Amino acid sequence: MRINYLFFRVFTFIVFFTSVLMFLSCSDDKKKDDLDNEFTEKDMNSNVENGGHIDRETRKIFHTLPSPIETALIIKHSGAVYDENLLNSTKNLSRYSTNKSMALNLGIYSTDLSYASMFDQTQTSILYMATAKKLAEKLGILEMIDEQTMRKLEKNINNKDVIMTIISESFMNSNASLMQNERPAVLSMVLAGGWIEGLYLATQLVDVDKADIVENDLVDRVIDQRLTITNLISLLELNKDFEDIASLLEDIKELNASFEKIKVEVSTKKPLLNTTAKIAKIKSNIQVSVTPEILKSLAKRVKKIRDKYIL
Amino acid sequence: MKIFKKSFLIALLFAFSVYSVKAQCEEFAQSECKSDLGNYLHDGNYNATTLTQGQHIELVKTFYSGLNHRIVVCATNELPDILFEVFDGDRNLIFSNKNEDYIMMWDFTVETSQQLIVSITVPISSDEKFAKSGCTAVLLGFSTGSIGE
């Protein structure tokens, strides 16, 4: 009888515990959705059950940022050169001990790794992959890069396609792990760090005093970030209750002030889709122009923010 | 006594299954969807979640000029055909798979870099009494032309 009572109590506890887990899971899903690459839940209303027939209208928004690998490809495709001096030194790794510094610099090192790999810098790629692995482990993201991945990287060091795939998979593992473990603030800081580093590299690689900034692909990609920074702000706004995010958000908003000086003209003509081409092409009604002064101010602000995060 | 033991095990299994759903969704995105990107390089972002019929998600992203882009949408078998649309920043409809036999991928380029909205809707079936749920993933790939299919 006493044993039965004991089992009854254990069973009650399990049922209660499971219910709590389910509840947390549901709210975690909401949190996760907020994070899932920047989920903004806009409208979760009208969950109406009609006699078992669920009439559910929901709308959620993901705001995505360019990944480190996309950033690196954009930089290379713009005709930029490789400059190893611009990378965050791997010697700085020991400096990072807080969640914020580790998360931001995991993003920064991921972009540096992608940039080095895109320019076939094999030894640097291995070094930065190993550094990203250590930092990810310090952050508790054991799934990002395992020993097998490191061996695969070393084995295929001269095969760029394989290396790019490894980096892409590592980044996806890291994102998925942070989402599954409900770590939205850390995830958003990793993404922010990667984006800041990409912008830092691009702005440092443009010599505003010497280069023609009109019809300059790299300059165009820099000013394209005026679009992406709005996604980053939306992402950070979701987690601004975290102290680390609040201060990061301030820096990004300050940076956005420079982007807002860029002149954007939109014609009244609607954009069209050219379907006659082999691949569909979305035409545009936007004209953007920037002055050397704005670019210099942007480069200065990005450097100031990035320097603060790497030291 | 036996009933309590069984109930105990059932409760444990139930608790475990709640958490395995999330991991399955990631596994699904990794193993079942990535191959549809073909020679396009996956950007590495993880956009996957469990959706129920009637739910709608949007993904806002800057697509850069000079690259070829591929969007791949995939969903687990229990879900009906997914409505996949692309809008520009002013909500002009650019692409819908509704008239394309619900094709789950689209390749395109942009004349100038711009924000696009990838919209995914899991429709409600009128003949279903209960809404079904399943994993849905949106993967984005790009190429510079030489590696794209």
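Residues numbered from 1 in each chain as written. Chains lettered and ligands numbered in written order. Predicted model: local features only at pLDDT ≥ 70, side-chain atom pairs only at ≥ 80, totals over all residues. Heavy atoms only, no water.

1. Re the overall build of chain A
In terms of helices and strands, chain A carries 10 helices and eight strands. Long-range contacts, defined here as pairs at least 24 residues apart, represent 70% of the contacts in chain A between residues at least 6 apart. For chain A, the accessible surface area stands at approximately 14,900 Å², while carbon and sulfur atoms represent 53% of it. (Helix = DSSP H or I, 4+ residues; strand = E, 2+ residues; numbered from the N terminus. Contact = heavy atoms within 4.5 Å. Areas by Shrake-Rupley, 256 points an atom, 1.4 Å probe, with all protein chains shown as cover.)

2. Considering the overall build of chain B
Per the secondary structure count, chain B includes one helix and nine strands. Helices and strands appear in chain B in the N-to-C order α-β-β-β-β-β-β-β-β-β. For chain B, buried positions account for 58% of its 149 residues. Restricting the contact set of chain B to residue pairs at least 6 apart, pairs at least 24 apart contribute 80%. Of the roughly 6,400 Å² of accessible surface on chain B, 55% is carried by carbon and sulfur atoms. (Buried < 20%, exposed > 50% of the residue type's maximum accessible area, 1.4 Å probe, protein only.)

3. Side note on the packing of helix α7 (residues 184-205) of chain A against helix α10 (residues 292-310) of chain A
All names here are of chain A. Running from N to C, α7 and α10 cross one another at 135°; their axes reach a closest spacing of 9 Å. When the axes of α7 and α10 are compared, the pair comes out oblique. Considering only the axes of α7 and α10, their crossing is left-handed. Two secondary-structure elements touch here, α7 through I196, E197, L199, Y200, T203 and Q204 and α10 through A299, V302, K303, I305, R306 and Y309. Grouping the constituent residues of the contact of α7 with α10 by class yields seven nonpolar, two polar and three charged. (Axes fitted to C-alpha atoms, helices over the stretch in contact; angles between N-to-C directions. Parallel < 35°, antiparallel > 145°, perpendicular 65-115°, else oblique. Left-handed = near helix turned anticlockwise from the far one by under 90°. Nonpolar A, V, L, I, M, F, W, Y, C, P; charged D, E, K, R; others polar.)

4. Some remarks on the pattern of salt bridges
Side chains that differ in charge, positive against negative, can pair when their charged atoms come close. Residue and element names in this part refer to chain A. Going through the model one piece at a time under the given rule, you end up with 15 salt bridges over all chains. Here D209 and K296 are joined by a salt bridge, their closest N and O atoms 2.9 Å apart. You can see D209 sitting in the loop between α7 and α8 (217-238) and its partner K296 sitting in helix α10, a full 87 residues away along the chain. Take D209: its relative accessible area is 62%, and that puts it in the exposed class. Residue classification places K296 among the partly exposed positions, given a relative accessible area of 42%. Two residues, D224 and R221, come together in a salt bridge whose shortest N-O distance is 2.7 Å. Of this pair, D224 and R221 are both found in helix α8, three residues apart, which corresponds to roughly one turn of the helix. For R221, a relative accessible area of 10% gives the class buried. (Salt bridge = Lys/Arg side-chain N within 4 Å of Asp/Glu carboxyl O.)

5. Some thoughts on the confidence of the model for chain A
Residue and element names in this part refer to chain A. This prediction gives chain A a mean pLDDT of 82; 77% of its residues lie at or above 70. Of all the helices and strands in chain A, strand β2 (residues 47-50) carries the lowest mean pLDDT, 30, while helix α3 (residues 99-118) carries the highest, 96. Throughout residues 20-57 the model reports pLDDT below 50, and contacts reaching past four residues in sequence, or to other chains, amount to 102 contacts. (pLDDT = per-residue confidence, 0-100.)

6. Some points on the nonpolar core
Counting 102 residues, the largest nonpolar core has L106(A), W195(A), L248(A), I252(A) and L255(A) as the members making the most contacts within it. Of the residues forming this core, the biggest block, 14 residues, is contributed by α7(A). In this structure, A75(B), I82(B), F84(B) and V110(B) belong to the second largest nonpolar core, which totals 25 residues. (Core = buried A, V, L, I, M, F, W, Y, C linked by side-chain atoms within 4.5 Å.)

7. Looking at the side chain of R306(A)
Residues and elements named next belong to chain A. In this structure, R306 sits in helix α10. Relative accessible area serves as the criterion here: at 3%, R306 is assigned to the buried category. For R306, the residues in contact, after removing those within four places along its chain, are L86, L87, N88, I196, E197 and Y200.

8. Some remarks on the packing of aromatic side chains
What the rule picks out here adds up to nine aromatic pairs over all chains. Between the aromatic rings of Y82(A) and Y115(A), the centroid separation amounts to 5.0 Å while the plane-to-plane angle is 35°, which identifies the pairing as tilted. Taken as a pair, Y82(A) in the loop between α2 (68-77) and α3 and Y115(A) in helix α3 lie far apart in primary sequence, 33 residues in all. Note on Y115(A): relative accessible area 0%, which makes it buried. The structure contains a cluster of three or more aromatic residues connected by ring pairs, namely F63(B), F84(B), F95(B), W106(B) and F108(B). The ring of Y200(A) is capped by R306(A), whose NZ or CZ atom sits 4.0 Å from the centre of that ring. For K61(B), the ring lying beneath its charged end belongs to F63(B), and the centroid distance is 5.9 Å. (Phe/Tyr/Trp six-rings, centres within 6.5 Å; stacked < 30°, edge-to-face > 60°. Lys NZ or Arg CZ within 6 Å of the ring centre and 35° of its normal.)

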